[in-house]
Amino acid sequence: MKNYIRQSFGLVLIVFVVLVGLSFITTEFTLFGHTFKPVNLFSDVEKEIIDSTLAAKKVKPQFVDTCKTGITCFEDYSKDKNALNNFLDALLHLDSTKQTAVRIGYFGDSFIEGDIITATLRDSLQSLYGGHGVGLMPVTSMVNQFRQTVTHNFSGFTTYTALEGKPANASLGFACNTFVPAAGATLNFGAIKSNPRLSRFNCINIYYRSGANTTVSCNINSKGAQSFTLVATKKVGLVQIKKDSIRNTAFSFGGGGEIYGIALEDTTGISVDNLSLRGNSGMALLNVGEDMMAEFDSLRGYKLIVLQYGLNVAAEGTTKFTAYENNMIKVINRLKKNCPGATILLVSVSDRSTKKNGEYVTMKSIPLLVESQRRIASETGIAFWNLFEAMGGEKSMVTYADKGWANKDYTHLKFSGGKQIAKILMETILYEKYKYVEKKKSL
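A few points on the structure. Note that this is a predicted model, so its numbers are computed, not measured.

Moving on, we get to the overall build of the chain. Helix and strand counts for the chain stand at ten helices and 19 strands. Burial status across the chain gives 51% buried among its 443 residues. Intrachain contacts of the chain at a sequence separation of at least 6 include 76% that bridge at least 24 residues. A total of about 20400 Å² of accessible surface is found on the chain, and carbon and sulfur atoms cover 53% of it.

Okay, here's the thing in structure tokens:
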């Protein structure tokens, strides 16, 4: 009988080497359409080593002594303490006139996909300041059937994302993705009748780029299709369709060009764009060209850009975030340069739990990552919000899961948990606006 011990030993050795190699990958990555989480072969035996250089670089939280009890304030690390001014001024302007539009771009990963957090935040802001619709929509989506704020169906598109690097034959859009229609590609959106702020809207904004004129037809409210042209342009172009009480749309594309997103919104009030990309640590924004950022923002005109990342950076045993910090500083500086009218708010990683000695506890890297993100805000002079603290700090994700607000992976929220965080964030925004008004009165 043949002896297979040598072959078995070789196979075990190969698997061991592969797992050791994977242990050096500390962020989620996508391969052949599948998302893989970090592997740490030694997580149960390695010592919890805290990098002393990180502790030496701690930044004192701003407003730590003056924030109202029960509120986790935004921390302003700008030189003149004016990081929030553009956004707060825009809200004050909406108080005096409802005839303008204020747009918010909310970047994130799987923690916010499907409109988690942003759905309630949008609804709360629109109830105060006006506006309808879900804002900027991707053409295709992995979670279109999961999302509860719009109905969404599509076919015939090739999708590129920033996680795959820069595509050779297309430009990445501002939201880290691009959609190329084949001839006959279709796209349908429907409003949500049960929500008055999502049941209708009065404007469709199509953001695109094309080397040649291309034809698109759009059937609004099932009243018959009308054709229009995406005019050839080297820069990001905009086609705007205005019509009262739009409830559903059906697009058909002639093929060619690149679509960067379609906004379903009003011409006044608040729009909140959910710009989620599963697996993104935030660093994928470096694959978006600066020209794209500037051209897109010149048309969209964001007053607030939120960056909420971290779950794809945190991993058990990870204590050093030097590369992450350096790259996120580059990302933020590019956004500051190319979106000059926007307040930029960096939201910290949420709590995340891992099982240790039979009990779910906060992952040791989470508080270190929060401090790292605060340093990023300090280095770039922007606003920072400590979501980890706002949730309740240590083991707060366990509390969320016990209340049915989070999944039992102790990482991701349910819609009910998103509502809780959006409520906390909304309270903070209104408190910051109150403080800003009082400060202006005293000048």
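Read on for the rest.
Taken as a whole, the second largest pocket spans an internal volume of roughly 620 Å³. Among the secondary structure elements, those contributing two or more residues to the lining of the second largest pocket are β5 (135-137), β6 (151-161), β7 (177-190), β13 (258-265) and β14 (269-276). Of all the elements, β6 adds the most residues to the lining of the second largest pocket, at four residues.

Another aspect to go through is the nonpolar core. In this structure, Phe174, Ile305 and Leu307 are the most contacted members of the largest nonpolar core, which totals 94 residues. Setting aside residues no more than four positions away along its own chain, Ile305 makes contact with Gly105, Phe107, Phe174, Leu335, Cys339, Ala342, Thr343, Ile344 and Leu345. Counting residues in hydrophobic clusters, the runner-up holds 28 residues, among them Phe189, Tyr208, Phe228 and Phe253.

The subject of this paragraph is the state of the cysteines. In the structure shown here, the tally under the stated rule is one disulfide. A sulfur-sulfur separation of 2.0 Å characterises the disulfide bridge that pairs Cys67 with Cys73. Judged by the sign of its S-S torsion, about 90°, the bond between Cys67 and Cys73 is right-handed. Take Cys67: its relative accessible area is 22%, and that puts it in the partly exposed class. Residue classification places Cys73 among the buried residues on the basis of a relative accessible area of 6%.

This paragraph deals with the packing of aromatic side chains. If you walk through the whole model with that rule in mind, you get twelve aromatic pairs. Seen in terms of ring centroids, Phe74 and Trp385 are 6.3 Å apart; in terms of plane orientation they differ by 85°. Their pairing is edge-to-face. Taken together, the residues Phe74 in the loop between α2 (52-56) and β3 (75-76) and Trp385 in strand β19 (residues 383-385) connect sequence positions 311 residues apart. With relative accessibility at 4%, the residue Phe74 sits in the buried group. Under the relative-accessibility criterion, Trp385 is labelled buried at 0%. Look at Phe251 and Phe253: their rings are 6.2 Å apart centre to centre, the planes differ by 35°, and that puts the pair in the tilted class.

The full count for this structure, using the stated rule, is four cavities of 30 Å³ or more. What the largest cavity holds in volume is close to 60 Å³. Elements that contribute at least two residues to the lining of the largest cavity include exactly β15 (302-308) and α10 (415-442).

All right, on to the pattern of salt bridges then. Inspection of every chain in the model, using the stated rule, returns 16 salt bridges. When the shortest N-O distance is used, the salt bridge between Glu265 and Arg300 registers 2.8 Å. In this pair, Glu265 sits in strand β13 while Arg300 sits in helix α5 (residues 290-300), placing the two residues 35 residues apart along the sequence. Assigned by exposure class, Glu265 and Arg300 land together as buried.

So, about the environment of Ile220. Following the sequence through the fold, Ile220 ends up in strand β9 (residues 214-220). Exposure remark for Ile220: the relative accessible area of 11% places this residue in the buried category. Taking the C-alpha atoms as reference, Ile220 lies 7.6 Å from Arg247; in sequence the two are 27 residues apart. When sequence neighbours within four positions are dropped, the list of residues in contact with Ile220 reads Ile204, Ile241, Lys243, Ile246 and Asn248.

What counts as what
- Residues numbered from 1 in each chain as written.
- Predicted model: local features only at pLDDT ≥ 70, side-chain atom pairs only at ≥ 80, totals over all residues.
- Heavy atoms only, no water.
- Helix = DSSP H or I, 4+ residues; strand = E, 2+ residues; numbered from the N terminus.
- Buried < 20%, exposed > 50% of the residue type's maximum accessible area, 1.4 Å probe, protein only.
- Contact = heavy atoms within 4.5 Å.
- Areas by Shrake-Rupley, 256 points an atom, 1.4 Å probe, with all protein chains shown as cover.
- 1 Å grid on protein atoms, 1.4 Å probe; cavity = no way out; pocket = protein on both sides within 12 Å on 5 of 7 lines; lining within 4 Å.
- Points joined across faces, edges and corners; volume = space filled by probe spheres on them.
- Core = buried A, V, L, I, M, F, W, Y, C linked by side-chain atoms within 4.5 Å.
- Disulfide = S-S within 2.5 Å.
- Phe/Tyr/Trp six-rings, centres within 6.5 Å; stacked < 30°, edge-to-face > 60°.
- Salt bridge = Lys/Arg side-chain N within 4 Å of Asp/Glu carboxyl O.

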